[in-house]
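Structure assessment
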Amino acid sequence: DSGVTQTPKHLITATGQRVTLRCSPRSGDLSVYWYQQSLDQGLQFLIQYYNGEERAKGNILERFSAQQFPDLHSELNLSSLELGDSALYFCASSVGASENYEQYFGPGTRLTVT
Amino acid sequence: GENVEQHPSTLSVQEGDSAVIKCTYSDSASNYFPWYKQELGKRPQLIIDIRSNVGEKKDQRIAVTLNKTAKHFSLHITETQPEDSAVYFCAVSGGYQKVTFGTGTKLQVIP
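Before going into details, it helps to say that this report is about the structure given with it. Predicted model only: the values in this text are computed from it and were never measured.

Calculation rules
Residues numbered from 1 in each chain as written. Chains lettered and ligands numbered in written order. Predicted model: local features only at pLDDT ≥ 70, side-chain atom pairs only at ≥ 80, totals over all residues. Heavy atoms only, no water. Helix = DSSP H or I, 4+ residues; strand = E, 2+ residues; numbered from the N terminus. Rg over C-alpha atoms; globule rule 2.2 N^0.38 Å. Buried < 20%, exposed > 50% of the residue type's maximum accessible area, 1.4 Å probe, protein only. Core = buried A, V, L, I, M, F, W, Y, C linked by side-chain atoms within 4.5 Å. Contact = heavy atoms within 4.5 Å. Buried area = accessible area lost by both parts, 1.4 Å probe. Salt bridge = Lys/Arg side-chain N within 4 Å of Asp/Glu carboxyl O. Polar contact = N/O pair within 3.5 Å; in protein donor to acceptor, adjacent residues only side chain to side chain. Nonpolar A, V, L, I, M, F, W, Y, C, P; charged D, E, K, R; others polar. Pairing = 2+ DSSP bridges. Axes fitted to C-alpha atoms, helices over the stretch in contact; angles between N-to-C directions. Disulfide = S-S within 2.5 Å. Phe/Tyr/Trp six-rings, centres within 6.5 Å; stacked < 30°, edge-to-face > 60°. Lys NZ or Arg CZ within 6 Å of the ring centre and 35° of its normal.

This part covers the overall build of chain A. Along its length, chain A carries 0 helices and 11 strands. Secondary structure elements of chain A occur, N-terminal to C-terminal, as β-β-β-β-β-β-β-β-β-β-β. Its C-alpha atoms give chain A a radius of gyration of 13 Å, within 12% of the compact-globule value 13 Å for 114 residues. Considered along the principal axes of its C-alpha atoms, chain A spans approximately 35 × 30 × 25 Å. Buried positions account for 52% of the 114 residues belonging to chain A.

Here's what the structure looks like:
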């Protein structure tokens, strides 16, 4: 157990809908990263937050947004969902702002868009 | 942006043999190179990492080597065991692109 929690574990929704994925980092970690992992694909970095502020952006679509709250938990919002958005979404946390710290991954949320 | 290539995409070895996975990257400013292991249906977990001021790092049966001039780094697993079977991802960070993962290598250790 990495200490990072994600909810829900599974999510099934229809095209055009909007969903929110939630992540709680390890105690003491200030950075939260979001990744997308499609079937048989690698990990695509989406976005990083550090202590409530957006720190870095990766390949995140405009239909996706995220935020980190004062208690450091983070939410990833996915809207106007398409079939291609079906994937495993991981969040990870680390202690520092730099990406050069070990990242601890949560168990992931499996999103299925039908 | 950063371009990370990982080879091979699949690798089968006999138990007890060694396995080597290689990654190349493009951004010479990159300075942190972790390796993650992901078992089926589970989260990625860091197994070893190396920074740009070090050429080699070892942790029991696992080692990583870095060649900054050639912009490649490799994961070496010796005396492989069935529990080493998983997908291994390299990652690169510190340069222009914040963090980029390789496409993964599916390692199968045959008992």
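What follows deals with the nonpolar core. Grouped burial of nonpolar side chains is what soluble globular proteins tend to show. Grouped together as the largest cluster of nonpolar side chains are 23 residues, with contacts concentrated most on B:Trp35, B:Phe73, B:Leu75 and B:Leu107. Breaking this core down by element, the ones donating at least two residues are strand 2 (10-14), strand 3 (19-24), strand 4 (32-38), strand 5 (45-51), strand 7 (62-67), strand 8 (72-77), strand 9 (86-93) and strand 11 (105-110) of chain B. Per-element accounting of this core gives the leading share, 4 residues, to strand 9 of chain B. In contact with B:Leu75, not counting residues within four places along its chain, are B:Ala19, B:Val20, B:Ile21, B:Trp35, B:Ile47, B:Ile48, B:Ile62, B:Ala63 and B:Tyr88. Core analysis: the next-biggest nonpolar cluster, separate from the first, contains 21 residues, A:Leu21, A:Val32, A:Ala87 and A:Val113 among them.

What follows is about the interface of chain B and chain A. Bring the parts together and some accessible area is lost; that lost area is often taken as the interface size. Taken residue by residue, the interface counts 18 residues in chain B and 21 residues in chain A. Contact between chain B and chain A buries roughly 1,700 Å² in total, counting both sides, with carbon and sulfur atoms accounting for 55%. Its largest share of buried area at the contact with chain A, chain B owes to B:Arg43, B:Lys98 and B:Phe101, together 38% of the area lost on that side. Across the contact surface, chain B and chain A share 0 salt bridges. Across the contact surface, chain B and chain A share 3 residue pairs in polar contact (both at pLDDT 80 or more). Mapped onto the side of chain B that touches chain A, the elements with two or more residues apiece are strand 4, strand 5, strand 9 and strand 10 (99-101) of chain B. The leading source of residues in the side of chain B that touches chain A is strand 4 of chain B, at 3 residues. Considered class by class, the residues forming the side of chain B that touches chain A number 7 nonpolar, 7 polar and 4 charged.

Another point: the sheet that holds strand 1 (residues 5-7) of chain B. Residue and element names in this part refer to chain B. What the 5 strands build is an open sheet, ordered 1-3-8-7-6; its pairing is antiparallel. Of all strands in the sheet, those bounded by a partner on one side alone are strand 1 and strand 6 (56-59). Averaged over all adjacent pairs, the angle separating strand axes in this sheet is 15°, with direction ignored. With 3 bridges joining them, strand 1 and strand 3 adopt antiparallel strand pairing. Bridge assignment links Gln 6 to a residue of strand 3, and that residue is Cys 23.

A separate point is the state of the cysteines. If you walk through the whole model with that rule in mind, you get 2 disulfides over all chains. Between the sulfur atoms of A:Cys23 and its disulfide partner A:Cys91 the distance amounts to 1.9 Å. Its S-S torsion of approximately 70° makes the covalent link between A:Cys23 and A:Cys91 right-handed. Taken together, the residues A:Cys23 in strand 3 (residues 19-24) and A:Cys91 in strand 9 (residues 87-94) connect sequence positions 68 residues apart. Here B:Cys23 engages in a disulfide with B:Cys90; their sulfurs sit 2.0 Å apart. The S-S bond linking B:Cys23 to B:Cys90 shows a torsion near -95°; that makes this disulfide left-handed.

For the structure on display, the rule yields 13 aromatic pairs over all chains. Centre to centre, the rings of A:Tyr33 and A:Phe45 are 6.2 Å apart; their planes meet at 55°, and the pair counts as tilted. Taken as a pair, A:Tyr33 in strand 4 (residues 31-37) and A:Phe45 in strand 5 (residues 43-50) lie far apart in primary sequence, 12 residues in all. Among the residues examined, A:Tyr33 registers a relative accessible area of 1% and is labelled buried. According to the relative accessible area criterion, A:Phe45 is buried, its value standing at 3%. Three or more aromatic residues link up through ring pairs in this structure, and these residues are A:Tyr33, A:Tyr35, A:Phe45, A:Phe90, A:Phe105, B:Tyr36 and B:Phe101. Lying across the ring of A:Tyr104, A:Arg26 places its NZ or CZ 3.7 Å from the centre.

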